[in-house]
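# Close look at the chain arrangement
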Amino acid sequence: RESPRSPFRPQALGWLARCDYLGGRRVIAMRRYLTLLADERADSMWVAAITSMKRVEPKLSAAESAELSRMLIDNTSLLNAYLYYRLYHHRNTRDELSRLSALAGEAIKRGPAAVTTRVGARLAEVALAQEDFTQALRLADSAIRSHRRASGMCLLDRALWARAAAARKLGQRNEAIRDFKRLVQLRPESQLAEGARENLALLYEESGDLGRALDQYFALDYPTDIAFL
């Protein structure tokens, strides 16, 4: 509390979460772990936080799960961290994906445009996981349009990725190329930029534009693909 900028803050949060879990305060423990996951400065603690959440969440009672859901709807930063955890570090059933979709949809209904961009991008990713590509395209498009009315980059790279991936699955090659290119241009530092370039290379190959495909392989420094083309 007294030293919020301390480099030891992430470790302190981790210990507090552990104490809460051992003391039976499981929802508070989840909140602290999600706080770590939402903080880019605490990336050294992400693996520990995700591992701990995998231990804590299955032990939540029905009442605790409902309390966690209410907390996430009211705090979109933690909701985004939770959706990231569930989408990329958890094997979800169809029912669980539907629950994630409902949770994100409720947050969007209550929040301003910035919430639509941040949570809408994750909601589009949920639709991709459900292989509902038409819905993913619609949700990602809504998130991107709302971004123009909100401040900051939010999760624009995620929204662009979802729209491009959905467009590719639906056979909309030119639209997919447009969005993958935009992602690389606007967010070259994004974790998704390399994957966007890989998709661009494949899309250019499919369309017979080997020159542009080769440009992407040079940018990726993929010597085998360079030699092949």
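Residues numbered from 1 in each chain as written. Predicted model: local features only at pLDDT ≥ 70, side-chain atom pairs only at ≥ 80, totals over all residues. Heavy atoms only, no water.

## Section: the packing of aromatic side chains
Counted according to the given criterion, the structure contains 4 aromatic pairs. Centre to centre, the rings of Tyr84 and Tyr88 are 5.8 Å apart; their planes meet at 45 degrees, and the pair counts as tilted. In this pair, Tyr84 and Tyr88 both sit in helix H5 (residues 76-88), 4 residues apart, roughly one turn of the helix. Residue Tyr88 is classed as partly exposed on the basis of its relative accessible area, which comes to 41%. With a centroid separation of 5.4 Å and an interplanar angle of 70 degrees, the aromatic rings of Trp161 and Phe180 are classed as edge-to-face. (Phe/Tyr/Trp six-rings, centres within 6.5 Å; stacked < 30°, edge-to-face > 60°. Helix = DSSP H or I, 4+ residues; strand = E, 2+ residues; numbered from the N terminus. Buried < 20%, exposed > 50% of the residue type's maximum accessible area, 1.4 Å probe, protein only.)

## A look at the side chain of Asn80
By the secondary structure assignment, Asn80 is in helix H5. When its relative accessible area of 8% is taken as the criterion, Asn80 is described as buried. In this view, Asn80 contacts Arg118, Val119, Arg122 and Leu155; residues no more than four positions away in its chain are not counted. (Contact = heavy atoms within 4.5 Å.)

## Some words on unusual backbone geometry
Positive phi is not limited to glycine here, since Glu131 has a value of about 60 degrees. Following the sequence through the fold, Glu131 ends up in the loop between helix H7 (113-129) and helix H8 (133-147). Of note, Asp221 is a non-glycine position whose phi angle comes to about 60 degrees, a positive value. Mapped onto the fold, Asp221 is located in the loop between helix H12 (210-220) and helix H13 (223-228).

## Observations concerning the layout of surface pockets
Looking at the largest pocket, its volume works out to about 680 Å³. Among the elements that line the lining of the largest pocket, the one with the most residues is H5, at 4 residues. Residue composition of the lining of the largest pocket, by class: 8 nonpolar, 4 polar and 8 charged. A volume near 160 Å³ is recorded for the second largest pocket. Lining the second largest pocket are Arg1, Ser3, Pro4, Ser6, Arg9, Ala12, Leu13 and Leu16. (1 Å grid on protein atoms, 1.4 Å probe; cavity = no way out; pocket = protein on both sides within 12 Å on 5 of 7 lines; lining within 4 Å. Points joined across faces, edges and corners; volume = space filled by probe spheres on them. Nonpolar A, V, L, I, M, F, W, Y, C, P; charged D, E, K, R; others polar.)

## A short note on a nonpolar patch on the surface
Together, Leu210, Phe228 and Leu229 make up a nonpolar patch on the protein surface, roughly 300 Å² of accessible area in all. Mapping Phe228 onto the fold places it in helix H13. Residue class for Phe228 comes out exposed when judged on its relative accessible area of 65%. (Patch = residues over 30% accessible without salt bridge, like charges linked within 9 Å, V, L, I, M, F, W, Y side chains within 5 Å. Areas by Shrake-Rupley, 256 points an atom, 1.4 Å probe, with all protein chains shown as cover. Salt bridge = Lys/Arg side-chain N within 4 Å of Asp/Glu carboxyl O.)

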